[in-house]
Amino acid sequence: MTLTKTSSMVEWLEANESKVYGNFIDGEWVDSVSGKTISIFNAAKNNQLLASFQDSNESDVNQAVEAAHEAFKNWSKMPGPDRGALLYRFADLLEQNVDELAYMLSAEQGKTLAESKGEVFRAAKEARFCAGEAFRIEGNTLPGERRNVWSSTIRKPLGVVAAIAPWNFPVVTPIRKIAPALAYGCTVVYKPASVTPWTSVRLMELLEEAGVPKGVVNLVVGSGSKVGDPLVNHPLVKGISFTGSSDLGIQINQIAAGRLAKTQLELGGKNPAVVLDYQDATSVAKQIVSAAFACSGQRCTSISRVIVVKEKKEELTEALLQELKNIKVGPAWEQVTMGPLVNKGHLNSVQDYLKVGIAEGARLRYGGEILTEGEFSEGAYMNPALLDLVTPDMRIAKEEIFGPVLCVIEVENKEEALEVANNVEYGLAASIFSNQLPDAFHFANEVEAGMIHINHGTASAAHMPFGGVKQSGAGAYSIGRSNADFFTETKVVYFEY
Ligand code: NDP
């Protein structure tokens, strides 16, 4: 395979002088009281040191929460349109800095440059949507139940919000939490995943450059146990917006419930693409493969199960195999369509799932092998995998693999397809491919998922609610207008005149 280097990223990384970054607390870059740091390395070239960060602890968290609490007093009173104006400026800055942010993002996470740029543009779009929302924080006014009494509701900002993000989308996930928080008048303490804190530093700098006052957004880097845990337990934190694994989401929900703090939980998925009928197998396969293997399958909304009626199974599988052959694996700075996995530990976990699936009777139809030759030895690379003869009771059909593995499950008819689609603990996104409108609408109505895509892969939009049911999430959906229900509290006002 001939690969063309996108040399500017390589040059940029070589010129990058690895720095030690502080936490961003109350508008200042400060070292942790721990005196310790953690380092991160290029996901596609593991011996290249990118930067070091604070290995923070509870004292750092306390300082950040207190700064956010103090900043809330003014920020929450700033008129919404003024807050929105800062967010518009911030969105512009994201776009103006897209190349640098994309280099950092691809380096720390591993995704392709095209994916990284797309993520930065998407973050800018979501920030702009939130900027607009800051102009229209609505309440309801209803006729009074009693004569001469006016009754209405108003929304007030919740307070200090903890934003906790995983490693798969280190730019858009924090912005998906920080932008609505700012729009609705909340202040934030943000904890990125320990393996991807680099872009977060740049995000803080751009928020500051946009004019966001000190203390309004704070960054504390460190582990889940030393930073995440005290953040979730802090009595001044009124809400926790968390994206990550379902087990941890449930644990965080239990802790928050103990003091009636609100939660917004975006958790795992085991997303089905149900295929009943189509005119063109290739176009369906393109949609499915793109939704299954983007970001090396490390997306909570990745399609991981193709549930196909038996008369279409062979034709569709052939079309999927053709599409898989077009995937080029390699480092972000080359002309590739799939980067490495985030690290070798995660690669091992995905490989274990492949072994379990094959041991349970699934057939490996394509890929799956670890790539170790030449530059591949420097990252966690594997070829995308397709398994068929998968049955709904297998672990690979039920558990989130979070990697480039697609399972094909054959069913007798549309009724069984729906039953299999719902036969998992998750309920995040689901696709259906059908030419029959009644079948498509029946599926949309009956499938247990938060986001349903008809004749469409599992790609969401920057202005529509994003979230899941069952073990895939709880609390108000993020993105879109539903965010108001998490980031604000409602007051009811009666006025007699
Ligand atoms: P986790 O759920 O373990 O971590 C997500 C975030 O929570 C990270 O910032 C993590 O910090 C933090 N955290 C860890 N422990 C605590 C704690 N006790 N209190 C508060 N915060 C904490 O996800 P991982 O990144 O480790 O991935 C594990 C699995 O989760 C994946 O294999 C996948 O199945 C799923 N996942 C789902 C995602 C989604 O978008 N739905 C995204 C990523 C993962 P730290 O990084 O320091 O551990």
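Computed from a predicted structure; not experimentally measured.

A. Structural view of helix α10 (residues 281-293). In this model α10 runs 18 Å from its N-terminal to its C-terminal C-alpha over 13 residues, within 8% of the 18 Å that 1.5 Å per residue would give. Buried residues belonging to α10 abut β12 (271-275), β13 (303-309), α11 (310-325), β15 (385-388), β16 (405-411) and β18 (429-433). Capping the start of α10 is the job of one residue whose side-chain oxygen sits 3.2 Å from the backbone nitrogen of Thr282: Asp280. One or two steps after α10, the chain reaches Cys295, where phi turns positive at roughly 55°.

B. Region of interest: the site of the ligand. Neighbouring the ligand are 27 residues, the closest being Ala165, Trp167, Ser194, Ser245 and Leu267. Within the contact set of the ligand, an oxygen atom lies 2.7 Å away from a side-chain nitrogen or oxygen of Trp167. One of the side-chain N or O atoms of Ser194 is found 2.4 Å from an oxygen atom in the ligand. When the ligand sits alone it has 860 Å² of accessible area, and the protein chains cover 80% of it. Those elements giving two or more residues to the shell around the ligand turn out to be α8 (224-233), β10 (237-243) and α9 (246-258). Looking at which element gives the most residues to the shell around the ligand, the answer is α8, with four residues. Considered class by class, the residues forming the shell around the ligand number 13 nonpolar, 11 polar and three charged.

C. Quick look at the packing of helix α3 (residues 80-96) against helix α5 (residues 113-133). Across the interface, α3 lies against α5 with an axial gap of 8 Å and an inter-helix angle of 170°. By the angle between their directions, the pair α3 and α5 is classed as roughly antiparallel. On the side of α3, the interface is formed by Gly84, Leu87, Tyr88, Phe90, Ala91, Asp92, Leu94 and Glu95, while α5 contributes Val120, Phe121, Ala123, Ala124, Ala127, Arg128, Cys130, Ala131 and Gly132. Considering only residue class, the contact of α3 with α5 consists of 12 nonpolar, two polar and three charged.

D. Fine view of the state of the cysteines. Overall, the coordinates contain zero disulfides when judged by the stated rule. Between Cys186, a cysteine without a disulfide, and Cys130, which holds the nearest cysteine sulfur, the sulfur-to-sulfur distance is 12 Å. By relative accessible area, Cys186 is classed as buried at 0%. Here Cys300 is not disulfide-linked; the sulfur of Cys295 is the nearest cysteine sulfur, at 9.9 Å. Assessed through its relative accessible area of 15%, Cys300 is described here as buried.

E. Highlighting the pattern of salt bridges. Under the criterion given, the structure shown has 27 salt bridges. The salt bridge involving Glu126 is made with Arg176; its shortest N-O contact spans 2.7 Å. Taken together, the positions of Glu126 in helix α5 and Arg176 in helix α6 (residues 172-183) put the pair 50 residues apart, joining distant regions of the chain. Assigned by exposure class, Glu126 and Arg176 land together as buried. A salt bridge links Glu205 to Arg202; the nearest nitrogen and oxygen atoms lie 2.6 Å apart. Taken as a pair, Glu205 and Arg202 lie in helix α7 (residues 198-210) at a separation of three residues, close to a single helical turn. Taken together, the salt bridges that share partners define one network made up of Lys313, Glu314, Glu318, Arg363, Arg365 and Asp388.

F. Local environment of the packing of aromatic side chains. A full pass over the atoms with the stated rule returns nine aromatic pairs. Taking the centre distance of 5.6 Å and the plane angle of 25° together, the rings of Tyr21 and Phe53 count as stacked. Note that Tyr21 is positioned in the loop between α1 (7-15) and β1 (23-25) and Phe53 in strand β4 (residues 45-54), a separation of 32 residues in sequence. Taken individually, Tyr21 and Phe53 each receive the classification buried, so the pair is uniform in this respect. Between Phe24 and Trp29 the ring centres are 4.7 Å apart and the planes differ by 40°, which places this aromatic pair in the tilted class.

G. Region of the structure containing the sheet that holds β15. Reading across the sheet, the seven strands line up as β14-β15-β16-β13-β12-β18-β19 and stay open at both edges, with mixed pairing between neighbours. Because the sheet does not close on itself, it has two edges, and the strands there are β14 (363-366) and β19 (451-454). Each adjacent strand pair in this sheet contributes to an overall mean axis angle of 25°, direction not counted. Bridging between β13 and β16 involves five bridges; their strand directions are parallel. Residue pairing across strands places Ile307 opposite Ile409, the latter belonging to β16. Strand contacts of α11: β12, β13, β14, β15 and β16, with the helix running at about 145° to β13, the strand carrying the most contacts. The strands touched by helix α12 (residues 344-359) within the sheet are β14, β15 and β16, with β15 carrying the most contacts at an inclination of about 20°.

Each value, and the rule that gives it
Residues numbered from 1 in each chain as written. Predicted model: local features only at pLDDT ≥ 70, side-chain atom pairs only at ≥ 80, totals over all residues. Heavy atoms only, no water. Helix = DSSP H or I, 4+ residues; strand = E, 2+ residues; numbered from the N terminus. Expected span 1.5 Å × (residues − 1). Contact = heavy atoms within 4.5 Å. Polar contact = N/O pair within 3.5 Å; in protein donor to acceptor, adjacent residues only side chain to side chain. Near = heavy atom within 4 Å. Areas by Shrake-Rupley, 256 points an atom, 1.4 Å probe, with all protein chains shown as cover. Nonpolar A, V, L, I, M, F, W, Y, C, P; charged D, E, K, R; others polar. Axes fitted to C-alpha atoms, helices over the stretch in contact; angles between N-to-C directions. Parallel < 35°, antiparallel > 145°, perpendicular 65-115°, else oblique. Disulfide = S-S within 2.5 Å. Buried < 20%, exposed > 50% of the residue type's maximum accessible area, 1.4 Å probe, protein only. Salt bridge = Lys/Arg side-chain N within 4 Å of Asp/Glu carboxyl O. Phe/Tyr/Trp six-rings, centres within 6.5 Å; stacked < 30°, edge-to-face > 60°. Pairing = 2+ DSSP bridges.

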